[in-house]
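Overview (structure and organization)
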Amino acid sequence: MIVQDLERQFFELKGKLDVGVITEEEFKAAVSKLRFQDESGHWWMIGAQSGKWYSFDGVRWIPGTPPREIPAPAPEPKIETPEVEPPIEPPAKVEPKIEAPAPKVEPTPPPAVAPPPQPEHVAPKRIERRPPMPSLKTPSLPVSGPALILGAAIVALIAVIVFWIVLDLVLPNRPISKFLSGLIGGQPTPTAVATVLTPTIGKEVPALIAAGDQFVLQSQIDTAIAQYQSAAQIVPQNPLPLIRLARAYAFKGLMSDAVNRAQLAVQRAPNDAEAHAQFCRALAWNGQVNDALSVCKTAIQLDAQNANAYAFSAEVNLLARQPADAAQNAARALQLAPQNAEAHRAQAWVLTLQGQKDLALNEWKQTIALEPELYFRHFEYAEVLRVFFNDPVNAVPEYQRALALYGGYTPTLGRLGIALIGAGKPQDAIAQLRRALTFEPTSAALMAYLGVAYGQTNQCSQAIPYFEQALKYEAGNTLAQNGLNNCKANQPPALVPSPPPQVPLTPPTVTSR
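Residues numbered from 1 in each chain as written. Predicted model: local features only at pLDDT ≥ 70, side-chain atom pairs only at ≥ 80, totals over all residues. Heavy atoms only, no water.

Within the chain, the regular secondary structure consists of 22 helices and four strands. A burial count over the chain gives 45% of its 513 residues as buried. Excluding contacts between residues fewer than 6 apart, the proportion of contacts in the chain whose partners are at least 24 apart in sequence is 59%. For the chain, the exposed surface amounts to about 26,500 Å²; the carbon and sulfur share of it is 57%. (Helix = DSSP H or I, 4+ residues; strand = E, 2+ residues; numbered from the N terminus. Buried < 20%, exposed > 50% of the residue type's maximum accessible area, 1.4 Å probe, protein only. Contact = heavy atoms within 4.5 Å. Areas by Shrake-Rupley, 256 points an atom, 1.4 Å probe, with all protein chains shown as cover.)

This is the structure we're talking about:
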């Protein structure tokens with residue numbers, strides 16, 4: 001048996017639950033059986049609410065990607081399914097806490113032949129903070145009278161300087177800075193003062209950020225978010241964890257969360273170019289193109305060497321139908337950072353919209369080569385192949401690769417189903433589109449494509465209800481109307497390729513459930 005079989009069973013059960021064919025108790029009982037033990041002895045199971053895979057590490061359940069092949073099953077005792085799904089994501093727009101309740105496990109580890117308890121509240125691992133060891137002995141140095149006086153004078157001078165800085169920040173209009181600048185003929189430098197007062201973040205926060213960055217590149221987006229959230233809790237005024245959170249939320253499809261985190265980072269660090277760059281892209285992916293143009297311009301003004309600022313500006317220029325500016329910014333991004341995936345992505349979009357297929361495909365492939373384990377690179381490349389170059393056959397394996405790397409990005413399911421129809425595999429498309437509808441049950445587009453898939457497999461009796469339901473949700477859905485007419489005329493519905501859009505595709509927004 002392969003893992004896809006268990007996933008197929010899960011989504012069939014989910015569909016039956018959604019339409020009332022089975023009760024929630026029956027659903028939980030059936031899902032509790034969708035587990036297996038791999039060759040190394042680790043237990044894997046599907047979460048009842050999310051449909052994601054979890055493995056038991058001996059202490060807690062953690063999200064992961066199971067092996068594709070399942071060994072012979074081990075004997076299992078009866079285990080009740082918990083009513084609570086492990087929350088991988090905190091509620092929207094609420095600053096997450098560092099710790100989540102630990103899973104309820106017995107003090108002793110489960111026997112090798114029995115599965116561990118099912119996951120309850122799973123808290124992502126975070127790096128343990130340890131206080132510095134106190135020094136056991138303070139070395140003493142001989143201090144002479146003049147040295148003591150000199151040391152006291154230096155300490156007093158430092159104290160006066162710190163007092164002036166603090167007083168200057170507290171008093172309105174900063175009179176001390178103005179007085180000093182008048183004496184020396186210059187202007188006050190608030191940036192320098194802010195740098196003096198910025199607290200150090202120690203070694204723990206950089207470690208959390210680095211771990212989160214690595215998790216993103218491995219498509220472990222939820223684990224990365226947990227690392228960034230922990231860092232944000234430790235240094236609530238530091239913008240760096242928020243900048244990284246904005247990027248991770250954008251890749252996950254949670255655009256409003258991405259915008260909120262990036263905006264907060266900009267507020268905390270108004271002179272940070274990277275904060276503005278990530279804010280620019282979050283706004284663009286959220287459909288706020290005019291606002292994004294202004295923010296990207298500010299990012300470049302703050303740091304003319306920031307490659308991301310130019311790369312994201314190029315995408316926004318294309319969305320605003322400014323191809324000349326886009327080409328210039330994309331070229332500048334590549335010049336600044338030849339090994340930056342975002343720079344190659346910007347250039348790929350410029351070439352794609354110019355119709356330079358071969359050059360564009362080379363840039364898309366270079367983007368993937370730089371970040372091969374990031375699911376988003378494969379998803380976007382598949383979108384370009386299917387939508388812009390009418391190549392669903394080669395899009396299918398890229399969608400499948402994206403799903404294998406991160407199954408939590410549910411829009412991939414529907415896109416894979418559409419590509420399978422275009423590749424002449426409507427029967428395979430049915431399973432993917434049905435899975436996609438469990439996450440987007442009111443999507444008229446998904447229902448229309450599912451109707452097409454049924455119609456192309458000579459099942460118009462199954463297709464017609466989906467066409468009719470799609471038209472209820474979206475009366476002007478041309479695909480559903482044409483498919484309904486074809487089926488009623490005993491003709492298989494067909495997909496008619498649409499002309500590609502004149503702007504880049506922005507990633508779809510995912511509704512958290």
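Here we take up helix 10 (residues 273–285). Here helix 10 is 13 residues long and its end C-alpha atoms lie 19 Å apart, about the 18 Å a rise of 1.5 Å per residue gives. If you check which residues of helix 10 are buried, you get Ala273, Ala275, His276, Ala277, Gln278, Phe279, Cys280, Arg281, Ala282, Leu283, Ala284 and Trp285. Those residues of helix 10 that are buried lie in contact with helix 8 (240–252), helix 9 (255–268), helix 11 (289–302), helix 12 (307–319), helix 14 (341–353) and helix 16 (375–387). One side-chain oxygen at the N-terminal end of helix 10 lies 2.9 Å from the backbone nitrogen of glutamate 274; it belongs to aspartate 272. In the segment just after helix 10, glycine 287 is the residue with positive phi, at about 90 degrees. (Expected span 1.5 Å × (residues − 1). Polar contact = N/O pair within 3.5 Å; in protein donor to acceptor, adjacent residues only side chain to side chain.)

Throughout the structure, instances matching the rule amount to two disulfides. With a sulfur-sulfur separation of 1.9 Å, cysteine 280 is cross-linked through a disulfide to cysteine 296. Judged by the sign of its S-S torsion, about -95 degrees, the bond between cysteine 280 and cysteine 296 is left-handed. Here cysteine 280, found in helix 10, pairs with cysteine 296, found in helix 11; they are 16 residues apart in sequence, far enough to count as distant. Paired by a disulfide, cysteine 460 and cysteine 487 hold their sulfur atoms 2.1 Å apart. Here the S-S torsion is close to -75 degrees, and the disulfide linking cysteine 460 with cysteine 487 is therefore left-handed. Note that cysteine 460 is positioned in helix 21 (residues 460–473) and cysteine 487 in helix 22 (residues 478–488), a separation of 27 residues in sequence. According to the relative accessible area criterion, cysteine 487 is buried, its value standing at 3%. For the chain, the bonded cysteines pair up as 1-2, 3-4 when numbered in the order they occur along the sequence. (Disulfide = S-S within 2.5 Å.)

Here we take up the packing of helix 14 against helix 16. Where helix 14 contacts helix 16, the axes come no closer than 12 Å and their chain directions differ by 5 degrees. If you check the angle between helix 14 and helix 16, you find them roughly parallel. Contacts from Ala341, Glu342, Arg345, Trp349 and Thr352 in helix 14 reach Phe376, Arg377, Glu380 and Val384 in helix 16. Looking at side-chain class alone, the contact of helix 14 with helix 16 contains four nonpolar, one polar and four charged residues. (Axes fitted to C-alpha atoms, helices over the stretch in contact; angles between N-to-C directions. Parallel < 35°, antiparallel > 145°, perpendicular 65-115°, else oblique. Nonpolar A, V, L, I, M, F, W, Y, C, P; charged D, E, K, R; others polar.)

Let us look at the packing of aromatic side chains. Within this structure, the stated rule accounts for 14 aromatic pairs. Centroid distance tryptophan 285 to phenylalanine 376: 5.5 Å. Interplanar angle 35 degrees. Geometry classified as tilted. Of the two residues, tryptophan 285 sits in helix 10 while phenylalanine 376 sits in helix 16, which places them 91 residues apart along the sequence. The exposure classification of tryptophan 285 matches that of phenylalanine 376, with both residues buried. Three or more aromatic residues link up through ring pairs in this structure, and these residues are Phe251, Trp285, Tyr375, Phe376, Phe379, Tyr399, Tyr406 and Tyr409. The lysine or arginine in question, arginine 332, covers the ring of tyrosine 310, its NZ or CZ lying 5.8 Å from the ring centre. (Phe/Tyr/Trp six-rings, centres within 6.5 Å; stacked < 30°, edge-to-face > 60°. Lys NZ or Arg CZ within 6 Å of the ring centre and 35° of its normal.)

This part takes up the nonpolar core. Counting residues in hydrophobic clusters, the biggest one holds 123 residues, and the most contacted among them are Ile221 and Tyr375. What isoleucine 221 contacts, discounting residues up to four positions off in sequence, is Phe215, Val216, Ala248, Lys252, Leu374, Tyr375 and Tyr406. Counting five residues, the second-largest nonpolar core is a separate cluster that includes Met45, Tyr54, Phe56 and Trp61. (Core = buried A, V, L, I, M, F, W, Y, C linked by side-chain atoms within 4.5 Å.)

The subject of this paragraph is the sheet that holds strand 2 (residues 43–46). The strands that make up a sheet are held in pairs by hydrogen bonds between backbone atoms, and each pair lies either parallel or antiparallel. Ordered by their spatial adjacency, four strands build an open sheet running 1-2-3-4, and the pairing between neighbours is antiparallel. Here the strands that pair on one side only, and so sit at the sheet edges, are strand 1 (35–37) and strand 4 (61–63). Sheet twist, expressed as the average angle between the axes of neighbouring strands with direction ignored, equals 30 degrees. Here strand 3 (residues 53–56) pairs with strand 4 via three bridges, running antiparallel. Note that in strand 4 the partner of phenylalanine 56 across the bridge is tryptophan 61. (Pairing = 2+ DSSP bridges.)

Here the focus is the pairing of strand 2. Of the two faces of strand 2, both are covered, the one formed by Trp43 and Met45 as well as the one formed by Trp44 and Ile46. Here strand 1 runs beside strand 2; their pairing, made up of three bridges, is antiparallel. Counterpart to glutamine 37 in the pairing with strand 2 is tryptophan 43. The turn linking strand 1 back onto strand 2 is made up of five residues, and glycine 41 within it adopts a positive phi angle of 95 degrees.

The next point concerns helix 9. In this model helix 9 runs 20 Å from its N-terminal to its C-terminal C-alpha over 14 residues, within 8% of the 20 Å that 1.5 Å per residue would give. Regarding helix 9, the residues found buried are Met255, Asp257, Ala258, Val259, Arg261, Ala262, Ala265 and Val266.

This part is about the environment of alanine 423. Summarising the element assignment, alanine 423 is placed in the loop between helix 18 (411–422) and helix 19 (426–439). Look at alanine 423 and you get partly exposed, because its relative accessible area is 23%. C-alpha separation for the pair alanine 423 and alanine 395, spaced 28 residues apart in sequence, amounts to 9.0 Å.

Turning our eyes to something else, we now look at the pairing of strand 3. One face of the sheet, then the other: side chains in a regular strand alternate in exactly this way. Burial along strand 3 is two-sided: Trp53 and Ser55 facing one way and Tyr54 and Phe56 facing the other are all buried. Two elements, strand 2 and strand 3, share three bridges in a ladder whose sense is antiparallel. Considered in strand 3, the bridge of isoleucine 46 is made with tryptophan 53. Taken together, strand 2 and the strand that follows it, strand 3, pair antiparallel across an intervening segment of six residues, in which glycine 51 is found at a positive phi of about 75 degrees. Here strand 3 folds back onto strand 4, and the loop between the two strands holds four residues, one of which, glycine 58, carries a positive phi near 100 degrees.

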